[in-house]
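Spelled out, the chains give:
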Amino acid sequence: MAQENLDEYKEMVLAGAKAIYEHGLVQFGEGNVSVRVKKVDEMFITPSQNDYAKMTLQDVVHIKFNGTQISQGKPTSTESKLHSIIYQARPKVNCVIHTHSPYAGMLSVALKEIPVIFEEMVIFLGGPVRLAKYAQSGTEELGKAVLEAMDDTNTCLLTNHAVVACGRDMEKVIKAATLVEKMAMIYWGALQIGHVETVPDDKIEKFKEMFKGLFSTAPRKKAE
Ligand SMILES: [Zn+2]
């Protein structure tokens with residue numbers, strides 16, 4: 001593969017990493033960002049113990065989905081299995097972001113899923129933000145729990161951990177990861193006030209269609 005193409009992937013990972021850091025969704029050593037390499041079972045991903053503030057293109061790691069590291073230099077993120085499981089299950093996914101954003105993290109500890117409280121959750125995320133059952137970081141079990149919780153949406157919370165978002169391109173995944181945190185904050189605030197009004201089920205069909213056209217990544221379910 002031409003070097004300039006590889007650099008494009010690295011630039012996407014770097015831009016995604018800087019964006020989630022600037023949005024306050026991660027701090028030093030937390031979370032990870034990856035981009036799928038077209039037509040091969042490989043990805044570019046942030047390194048283990050990533051220092052977002054100082055991160056450069058040289059820090060981005062190139063690995064195969066089976067975990068074999070292709071690039072020299074820094075070791076891969078310890079969550080690379082989570083990313084490869086999502087890519088392998090969802091051919092439409094080109095980018096994955098995992099954050100430790102605080103309000104979403106708080107709900108993941110309180111074991112609270114985020115119901116549809118704003119219409120934009122349906123448009124950009126595909127519906128509610130469900131909670132994946134607890135699995136230890138870095139394991140395949142975590143990846144499987146995420147796929148189960150996401151169902152046909154693009155995001156979920158990880159129990160005792162925070163957020164995973166996937167999508168068709170980096171802009172959309174940054175949007176999703178940021179929106180999950182905003183919705184978590186608003187939901188948490190509403191819970192403190194004492195009442196949560198959700199968007200009526202019969203008013204979200206139109207937005208589901210927008211999600212399917214623009215953002216959805218889940219493979220179509222086989223007719224039962
Ligand atoms: Zn994590």
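Calculation rules
Residues numbered from 1 in each chain as written. Predicted model: local features only at pLDDT ≥ 70, side-chain atom pairs only at ≥ 80, totals over all residues. Helix = DSSP H or I, 4+ residues; strand = E, 2+ residues; numbered from the N terminus. Rg over C-alpha atoms; globule rule 2.2 N^0.38 Å. Buried ≥ 20, exposed ≤ 12 C-beta atoms within 10 Å, placed from the backbone. Contact = placed C-beta atoms within 7 Å. Pairing = 2+ DSSP bridges. Axes fitted to C-alpha atoms, helices over the stretch in contact; angles between N-to-C directions. Right-handed = clockwise from strand over helix to strand, strands pointing away. Core = buried A, V, L, I, M, F, W, Y, C linked by C-beta atoms within 7 Å.

## Structural notes on the overall build of the chain
Counting secondary structure elements, the chain contains seven helices and seven strands. Its C-alpha radius of gyration of 17 Å places the chain within 12% of the 17 Å reference for a compact globule of 224 residues. Counting only C-alpha atoms and orienting by the principal axes, one finds that the chain spans roughly 50 × 40 × 30 Å. For the chain, buried positions account for 44% of its 224 residues. Within the chain, contacts between residues separated by at least 24 positions form 66% of all contacts whose residues are at least 6 apart in sequence.

## A word on the sheet that holds strand S7 (residues 162-167)
Across a sheet, paired strands are connected by hydrogen bonds in the backbone, their directions being either parallel or antiparallel. With mixed pairing, the seven strands of this open sheet are ordered in space as S3-S2-S1-S4-S7-S6-S5. One side of each edge strand has no neighbouring strand; the edge strands of this open sheet are strand S3 (61-64) and strand S5 (130-132). Each strand axis lies, on average, 25° off the axis of its neighbour in the sheet, ignoring direction. For strand S1 (residues 32-36) and strand S2 (residues 42-45), the ladder comprises three bridges, and the chain directions are antiparallel. Its bridge partner being in S2, Ser34 is matched across the sheet by Ile45. Set on the sheet, helix H6 (residues 170-193) makes contact with S1, strand S4 (95-99), strand S6 (155-158) and S7; between it and S7 the angle comes to about 155°.

## Things to note about unusual backbone geometry
At Lys39, a position not held by glycine, the phi torsion is positive, near 70°. Position of Lys39 among the secondary structure elements: in the loop between S1 and S2. Since 7 C-beta atoms lie within 10 Å of it, Lys39 is described here as exposed. Phi at Leu111 is positive, roughly 55°, even though this residue is not glycine. Assignment of secondary structure puts Leu111 in the loop between helix H3 (102-109) and helix H4 (119-125).

## Quick look at the pairing of S6
Because side chains alternate across S6, one face comprises the buried residues Thr155 and Leu157, and the other comprises Cys156 and Leu158, equally buried. Of the crossover connections in this fold, the one passing from S5 over helix H5 (residues 140-150) to the parallel S6 is right-handed. Here S6 hands over to S7 after three residues, with Asn160 in that stretch at a positive phi of 60°.

## A word on H3
Turning to H3, its buried residues are Tyr103, Ala104, Gly105, Leu107 and Ser108. Lining the buried residues of H3 we find S5, S6, S7 and H6. Downstream of H3 by one or two residues, Leu111 has phi in the positive range, about 55°.

## Structural notes on the nonpolar core
In this structure, Val13, Ile20, Val146, Val173, Ala177 and Val180 are the most contacted members of the largest nonpolar core, which totals 63 residues. For this core, the element with the most residues is H6, which contributes nine residues. Beyond its immediate stretch of four places on either side in the chain, Val180 contacts Ala104, Leu125, Val129, Thr155, Val163 and Ala165.

## What to know about the environment of Leu147
One can find Leu147 in helix H5. A C-alpha to C-alpha distance of 27 Å links Leu147 and Leu191, two positions 44 residues apart in sequence. Residues within four places of Leu147 in sequence aside, it is in contact with Ile85, Ile86 and Ala89.

So, to be careful, I would describe these as geometric facts and stop short of saying anything about function.
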